[in-house]
Amino acid sequence: MTTKVPKGHPAYAGSAPYDPPQLRFYDPLVLGFANRVLWRCPTSRLVGLYSRHVSGRHLELGPGSGYFLDNCAFPVPDPDITLVDLNSHPLKHTAERIARYRVRTLQANILEPLPLPPGGFQSVGFNYVMHCLPGTIATKAAVFRNILPLLAPGAVVFGSTILGSAVHHTWFSRNMNRLYNKAGAFSNLTDDVPALTAVLDEHFAAHRIEICGAVALFVARQQ
Ligand SMILES: C[S@@+](CC[C@H](N)C(=O)[O-])C[C@H]1O[C@@H](n2cnc3c(N)ncnc32)[C@H](O)[C@@H]1O
């Protein structure tokens, strides 16, 4: 990948897989097959989460293939969308896919402070990225600290993440999750609902978590 961090940096492995061939197969393999069979949270449910919460000034962390931004319903015809990713390929792929909107891109590590204008975003999508970040949920919460100054009053932060602990896994999903952790693409073996609740409590005035299969969906607001 074209990246801001060197190979061997803790954040490298979680974003490295998303090269052009992977991105071409991401929708059928991850959003079609894995969401239904492995993680047991249908993609349509996540599209619903996006359609309920995206706004006209949206920040997307780790856009991947851009499927959700392409398929959700925005409340305005010409949303202003900023994409942030450590890997340049998802940025290019998604920006082209949703070129009908006003799109800006920033190549950056979301675990570091982000050089974006403060107070400007009404919504932030953070979907299927937390389980790719290194560390524990407590250290991954750096992302929430980094986006708080960027939120407009009343903004919503939403998304989902695959949990590795204290959630129902099938034999197949548990072993695939272990495999992804071994490869470094996921770091979620200790991620669980109490840890997610604790970091959302710490950073937001109100939040809601729902479990769907092995996936936690969350919606949080600062005020
Ligand atoms: C599993 S994909 C999720 C794609 C999309 N959000 C979805 O739900 O289909 C993870 C995305 O997060 C990005 N990513 C992983 N670690 C990152 C980091 N530390 N900073 C910024 N982006 C990161 C990857 O490059 C990839 O685009």
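Located above this text is the structure these notes cover.
Given the structure is predicted, the values throughout are model-derived calculations rather than measurements. (Residues numbered from 1 in each chain as written. Predicted model: local features only at pLDDT ≥ 70, side-chain atom pairs only at ≥ 80, totals over all residues. Heavy atoms only, no water.)

To continue, consider the pattern of salt bridges. Summed over the entire model, instances satisfying the criterion amount to 10 salt bridges. Ionic pairing is found between R97 and D27, a salt bridge with its closest N-O pair at 2.9 Å. With a gap of 70 residues between them, R97 in helix α5 (residues 88–97) and D27 in helix α2 (residues 20–37) connect regions that are remote in the sequence. Among the residues examined, R97 registers a relative accessible area of 25% and is labelled partly exposed. When its relative accessible area of 17% is taken as the criterion, D27 is described as buried. K92 is paired through a salt bridge with E96; the nearest N and O atoms lie 3.1 Å apart. Note that K92 and E96 are positioned in helix α5 at a spacing of 4 residues, about one turn of the helix. In this pair, the class of K92 matches that of E96, namely exposed. (Salt bridge = Lys/Arg side-chain N within 4 Å of Asp/Glu carboxyl O. Helix = DSSP H or I, 4+ residues; strand = E, 2+ residues; numbered from the N terminus. Buried < 20%, exposed > 50% of the residue type's maximum accessible area, 1.4 Å probe, protein only.)

Residues in close proximity to the ligand total 21 residues, the closest being Y18, G62, D85, N109 and N127. In this structure, I110 approaches the ligand through a main-chain N or O atom, which is 3.1 Å from a nitrogen atom. One of the backbone N or O atoms of N127 is found 2.7 Å from a nitrogen atom in the ligand. Considering the ligand on its own, with 610 Å² of exposed area, one finds that the protein chains cover 99% of that surface. Its residues assigned to classes, the shell around the ligand shows 13 nonpolar, 7 polar and 1 charged. (Near = heavy atom within 4 Å. Polar contact = N/O pair within 3.5 Å; in protein donor to acceptor, adjacent residues only side chain to side chain. Areas by Shrake-Rupley, 256 points an atom, 1.4 Å probe, with all protein chains shown as cover. Nonpolar A, V, L, I, M, F, W, Y, C, P; charged D, E, K, R; others polar.)

Core analysis: the largest hydrophobic core is formed by 40 residues, its most contacted members being L61, L114, F126 and F144. At the level of secondary structure, the elements contributing two or more residues to this core comprise β1 (57–61), β4 (121–127), α7 (142–147), β5 (151–162), α9 (193–203) and β7 (215–221). Broken down by element, this core gets its largest block of residues, 4 residues, from α7. Apart from residues lying up to four places away in sequence, F126 is in contact with Y50, L61, I110, L133, V143, F144, F158, G159, S160 and F218. One finds A34, F68, V156 and V219 within the second-largest nonpolar core, a separate group that totals 33 residues. (Core = buried A, V, L, I, M, F, W, Y, C linked by side-chain atoms within 4.5 Å. Contact = heavy atoms within 4.5 Å.)

Let us now look at the environment of G64. Mapped onto the secondary structure, G64 falls in the loop between β1 and α4 (67–71). A C-alpha to C-alpha distance of 23 Å links G64 and I209, two positions 145 residues apart in sequence. In this structure, G64 is in contact with L23, D85, P90, H93 and T94, ignoring residues within four places of it in sequence.

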